[in-house]
Amino acid sequence: MRVFSYLFHGLLALFLLAIALVALSSGQALQLTMLPWQGRALTWWLLGAALAGLVFVILAVCRKWRPLFFLWSLAVLAVMAQGFFFSHYYFAGPPELRGALYLTGGALLAAFGAWFQMRREPLR
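Model, not experiment: these values are computed from the prediction.

Definitions and limits used
- Residues numbered from 1 in each chain as written.
- Predicted model: local features only at pLDDT ≥ 70, side-chain atom pairs only at ≥ 80, totals over all residues.
- Heavy atoms only, no water.
- Helix = DSSP H or I, 4+ residues; strand = E, 2+ residues; numbered from the N terminus.
- Expected span 1.5 Å × (residues − 1).
- Buried < 20%, exposed > 50% of the residue type's maximum accessible area, 1.4 Å probe, protein only.
- Contact = heavy atoms within 4.5 Å.
- Core = buried A, V, L, I, M, F, W, Y, C linked by side-chain atoms within 4.5 Å.
- Phe/Tyr/Trp six-rings, centres within 6.5 Å; stacked < 30°, edge-to-face > 60°.
- Axes fitted to C-alpha atoms, helices over the stretch in contact; angles between N-to-C directions.
- Parallel < 35°, antiparallel > 145°, perpendicular 65-115°, else oblique.
- Left-handed = near helix turned anticlockwise from the far one by under 90°.
- Nonpolar A, V, L, I, M, F, W, Y, C, P; charged D, E, K, R; others polar.
- Polar contact = N/O pair within 3.5 Å; in protein donor to acceptor, adjacent residues only side chain to side chain.

Novice: Give me helix H1 (residues 2-26): which residues, what numbers.
Specialist: Under the 1.5 Å per step criterion, the end-to-end length of H1 is 36 Å for 25 residues, consistent within 8% with the ideal 36 Å. Burial in H1 covers these residues: Ser5, Tyr6, Phe8, His9, Gly10, Leu12, Ala13, Leu16, Leu17, Ala20 and Ala23. As for H1, its buried residues are in contact with helix H2 (39-61), helix H3 (66-85) and helix H4 (94-117). Gly27 sits one or two positions beyond H1 and adopts a positive phi of about 80°.

Novice: Go over the nonpolar core, please, and point to the residues and values.
Specialist: With 30 residues, the main nonpolar core has Phe8, Leu12, Leu46, Phe69, Met80 and Phe84 as its most contacted residues. Counting only elements with at least two residues in this core, the list comes to H1, H2, H3 and H4. The contacts of Leu46, once residues within four sequence positions are left out, are Leu16, Ile19, Ala20, Leu30, Leu32 and Leu35.

Novice: Which residues make up the packing of aromatic side chains, and what are the values?
Specialist: Inspection of the entire model under this criterion finds 10 aromatic pairs. Between Tyr6 and Phe69, the ring centres sit 5.5 Å apart and the planes meet at 50°, which makes this aromatic pair tilted. Residue Tyr6 is located in helix H1, and its partner Phe69 is located in helix H3; the two are separated by 63 residues in the primary sequence. An aromatic cluster of three or more residues is present, and its members are Phe84, Phe85, Tyr89 and Phe91.

Novice: Residues and numbers for the side chain of Ser5, please.
Specialist: Looking at where Ser5 falls in the secondary structure, it is placed in helix H1. Not counting the four nearest positions on each side in its chain, Ser5 is found in contact with Phe69, Ser73, Ala110, Gly113 and Ala114.

Novice: Explain the packing of H1 against H4 residue by residue, including any values.
Specialist: Remark: H1 packs on H4, axes separated minimally by 7 Å, with the N-to-C direction vectors making an angle of 125°. In terms of orientation, H1 lies oblique with respect to H4. Note that H1 runs across H4; the crossing there is left-handed. Packed against H1, whose contacting residues are Arg2, Phe4, Ser5, Tyr6, Phe8 and His9, the element H4 presents Leu103, Gly106, Ala107, Leu109, Ala110, Gly113, Ala114, Phe116 and Gln117 at the interface. Class assignment of the residues belonging to the contact of H1 with H4 gives a composition of 9 nonpolar, 5 polar and 1 charged.

Novice: Describe the side chain of Gln117, with residues and values.
Specialist: In this fold, Gln117 is placed in helix H4. In this structure Gln117 comes out as buried when scored by relative accessible area, which is 1%. Here the side chain of Gln117 touches Ala114 through a polar contact of 3.0 Å, landing on its backbone oxygen. Among all residues touching Gln117, those that are not within four sequence positions of it are Arg2, Tyr6, Ala60, Arg66, Phe69 and Phe70.

Here you go:
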């Protein structure tokens with residue numbers, strides 16, 4: 001579960017980084033209605049979140065500052081749940097809802113994995 005958590009958040013951070021860099025290089029404003037930011041601010045938030053996520057994943061893999069990775073996992077889960085299910089965002093159809101459920105379920109499993117990675121392993 002720990003490895004799933006690292007992979008999920010690592011891939012999510014890389015995806016967010018790619019979106020932000022493409023938006024910055026093209027000059028286009030992003031429109032992700034499930035997130036609370038809009039336009040240029042959204043691009044900068046995504047860039048900052050992607051870089052922070054990558055740093056937290058790397059630190060967790062190196063067994064440094066593990067609680068930060070857990071807090072990051074909870075923040076990702078909270079933003080996803082709030083954006084998809086507790087906002088004015090609406091789904092165009094069942095496939096889009098299914099995708100949001102899978103993504104949020106993956107974030108929930110990754111949060112459990114982040115919780116388990118905080119435990120100290122016995123010295124050998």
